[in-house]
Protein chains: 2
Amino acid sequence: MPTVETPVESMVTAFRERCRASGLALTHQRELIYRAIVSSKHHPSPELIFDEVRRQTPSISLATVYKNIHTFLEAGLLREVSPHHGSLRLEANLAEHHHLVCTRCKAIVDLDESELEPIHLSRKLRAGYRILRYTVEFQGLCPACTDALKTT
Amino acid sequence: MPTVETPVESMVTAFRERCRASGLALTHQRELIYRAIVSSKHHPSPELIFDEVRRQTPSISLATVYKNIHTFLEAGLLREVSPHHGSLRLEANLAEHHHLVCTRCKAIVDLDESELEPIHLSRKLRAGYRILRYTVEFQGLCPACTDALKTT
DNA sequence: TTCGTAAAGGAGAATCATTCTCCAACTATG
DNA sequence: CATAGTTGGAGAATGATTCTCCTTTACGAA
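Residues numbered from 1 in each chain as written. Chains lettered and ligands numbered in written order. Predicted model: local features only at pLDDT ≥ 70, side-chain atom pairs only at ≥ 80, totals over all residues. Heavy atoms only, no water.

Student: Go over the sheet that holds strand β5 (residues 130-141) of chain B with me, naming the residues and quoting the values.
Tutor: By way of backbone hydrogen bonds, the strands of a sheet pair with one another, either parallel or antiparallel. Here six strands make up an open sheet; going across it, the order is β4(A)-β3(A)-β5(A)-β5(B)-β3(B)-β4(B) and the pairing mixed. Each end of this open sheet is capped by a strand with a single partner; those strands are β4 (108-112) of chain A together with β4 (108-112) of chain B. Averaged over all pairs of adjacent strands, the angle between strand axes in this sheet comes to 30°, irrespective of strand direction. Here five bridges tie strand β3 (residues 97-102) of chain B to β4(B), and the two strands are oriented antiparallel to one another. Within β4(B), the residue paired with B:V101 across the bridge is B:I108. Sheet strands touched by helix α5 (residues 143-151) of chain A: β3 (97-102) and β5 (130-141) of chain A together with β5 of chain B. Its angle to β5(A), the strand with the most contacts, is close to 35°. Across the sheet, helix α5 (residues 143-151) of chain B lies against β5 of chain A together with β3 and β5 of chain B, angled at about 35° from β5(B), the strand it touches most. (Pairing = 2+ DSSP bridges. Helix = DSSP H or I, 4+ residues; strand = E, 2+ residues; numbered from the N terminus. Axes fitted to C-alpha atoms, helices over the stretch in contact; angles between N-to-C directions. Contact = heavy atoms within 4.5 Å.)

Student: Kindly report on the packing of helix α2 (residues 28-39) of chain A against helix α3 (residues 46-56) of chain A, identifying the contributing residues and their values.
Tutor: All names here are of chain A. Running from N to C, α2 and α3 point in directions that differ by 125°, and their axes come no closer than 9 Å. Classified by the angle between their axes, α2 and α3 sit oblique to one another. Note that α2 runs across α3; the crossing there is right-handed. Facing L32, I33, A36 and I37 of α2, the residues of α3 in contact are I49, E52, V53 and Q56. (Parallel < 35°, antiparallel > 145°, perpendicular 65-115°, else oblique. Left-handed = near helix turned anticlockwise from the far one by under 90°.)

Student: Quick one: what's the story with the side chain of A:T146, residue by residue and with numbers?
Tutor: Looking at the element boundaries, A:T146 is found in helix α5. Once residues within four sequence positions are removed from consideration, A:T146 is found in contact with A:L141, B:G128 and B:R130.

Student: Break down the interface of chain B and chain A for me, citing the residues and quoting the values.
Tutor: Residue-level contacts link 69 residues of chain B with 67 residues of chain A. Carbon and sulfur atoms supply 60% of the area buried between chain B and chain A, which totals about 6700 Å² over both sides. Taken as a group, B:H43, B:R79 and B:L90 account for 13% of the area that chain B buries against chain A, more than any other trio of residues on that side. Run the count over chain B and chain A and you get zero salt bridges. Between the two partners, chain B and chain A, sit 26 residue pairs in polar contact (both at pLDDT 80 or more). The leading source of residues in the side of chain B that touches chain A is β5(B), at 12 residues. A breakdown of the residues in the side of chain B that touches chain A according to their chemical character gives 35 nonpolar, 20 polar and 14 charged. Pairing of β5(A) with β5(B), which is carried by 11 bridges, proceeds in the antiparallel orientation. Bridge pairing links A:Y134 to B:F138 in β5(B). (Buried area = accessible area lost by both parts, 1.4 Å probe. Salt bridge = Lys/Arg side-chain N within 4 Å of Asp/Glu carboxyl O. Polar contact = N/O pair within 3.5 Å; in protein donor to acceptor, adjacent residues only side chain to side chain. Nonpolar A, V, L, I, M, F, W, Y, C, P; charged D, E, K, R; others polar.)

Student: Outline the pairing of β3(B), supporting the account with residue identities and numerical values.
Tutor: For β3(B), the buried fraction is high: six of the six residues fall into the buried class. Here β3(B) folds back onto β4(B), and the loop between the two strands holds five residues, one of which, B:K106, carries a positive phi near 70°. (Buried < 20%, exposed > 50% of the residue type's maximum accessible area, 1.4 Å probe, protein only.)

Student: Go over the relation of the copies chain B and chain A with me, naming the residues and quoting the values.
Tutor: With an axial shift of 0.0 Å and an RMSD of 0.2 Å, the rotation relating chain B to chain A amounts to 179°. Taken together, these values place the two copies in the relation of a two-fold axis. For chain B, the smallest separation between a C-alpha atom and the rotation axis is recorded for B:H85, amounting to 1.8 Å. Taken together, the interface assignments show that 97% of the residues at the interface of chain B recur at the interface of chain A, consistent with an identical surface on both copies. (Least-squares fit on C-alpha atoms with pLDDT ≥ 70 in both.)

Student: Describe the protein's contact with DNA strand D, listing the residues and the values that go with them.
Tutor: Taken together, 23 residues sit near DNA strand D, with A:T27, A:Q29, A:T64, B:Y66 and B:H70 positioned nearest. For DNA strand D, the backbone makes up 77% of the atoms found within 4 Å of the protein, where backbone means sugar plus phosphate. At a separation of 2.8 Å, a phosphate oxygen of DNA strand D approaches a polar side-chain atom of A:R30. One nitrogen or oxygen atom from the main chain of B:L26 is found 3.1 Å from a phosphate oxygen belonging to DNA strand D. Of all the secondary structure elements, the ones that give two or more residues to the surface near DNA strand D are α2 and α4 (62-75) of chain A together with α4 (62-75) of chain B. (Near = heavy atom within 4 Å.)

Student: I'd like a rundown of the protein's contact with DNA strand C, residues and numbers included.
Tutor: Taken together, the neighbourhood of DNA strand C is formed by 22 residues, with A:Y66, A:H70, B:T27, B:Q29 and B:R30 sitting nearest. The sugar-phosphate backbone supplies 80% of the atoms of DNA strand C found within 4 Å of the protein. The contact in question runs from a base oxygen of DNA strand C to an N or O atom on the side chain of B:K67, over 3.5 Å. B:L88 has a polar backbone atom sitting 3.0 Å from a phosphate oxygen of DNA strand C.

Shown next as structure tokens:
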């Protein structure tokens, strides 16, 4: 009689199917990397994933971890937590406002607080957290990139 | 008769006062760097600020730009657009959810969509943008860091 | 104003994250 | 199990950021 799959296992199963559907070879390393990310309760960096995965397969290379992370991001199997992590980006506008981030050209446009209704938490936030502020990050395409993709 | 200050000039004036109040020496380079950021309509990277500032003072060093950005961030004169830009951070959870980011230890915790009321835009977003999704980034302190700061 | 001192700047090396190159090993298939 | 096309491994290369070390500057006191 079949055992109920744990959430991690069912995600790994789905992962295998999606690899097959996308024509991605199902290698030992890929499954380890994906499994490490799914199993993590945090939002691990490539370096952390590498450390984890290396415990199972010490010969794995950091470059392999990076390559597969990008492969998985393109296939939509993973998501990047920060839409603009590559380089420090600064602003002097200290008023509450939000951001529109173009996923293609990485432009960031301000959206004033007044353009949005206030956000309400429907439950008390977890005990022990001290929330100082929030920002809404909208992801999408800016006008120039919307056009560029139409033309292509 | 006094001229009305432009927004940029009034921010630079406030900047000078806040430097004095914080005991920061008011150098030529600092004012140039701050002015470059305030004048930018985008959210510039250190490299872009350097390029801009170098047009006025070709001898300025990139290290000076970085050092002062950090000084300004600590003094609360600037804000970092991304709360976690240093390294790629990943997640396999593709469902809509939000993040609590600890500004001290950089931990990122998930907050389910159901813990928040839906967000409504009170006006039509700027024409030409194509919004795909949004994420609310809450910034604050996690329980461990809240305790750590109490003790210190 | 001039000076002394602490703070800040400049140049380039060092470090850290990420990507690339190139060749060997492996997966999927027949 | 042979083969073609992917993928993996190792280390060099690149890009962003920080550090080191020495020189210059800002600014309060004389």
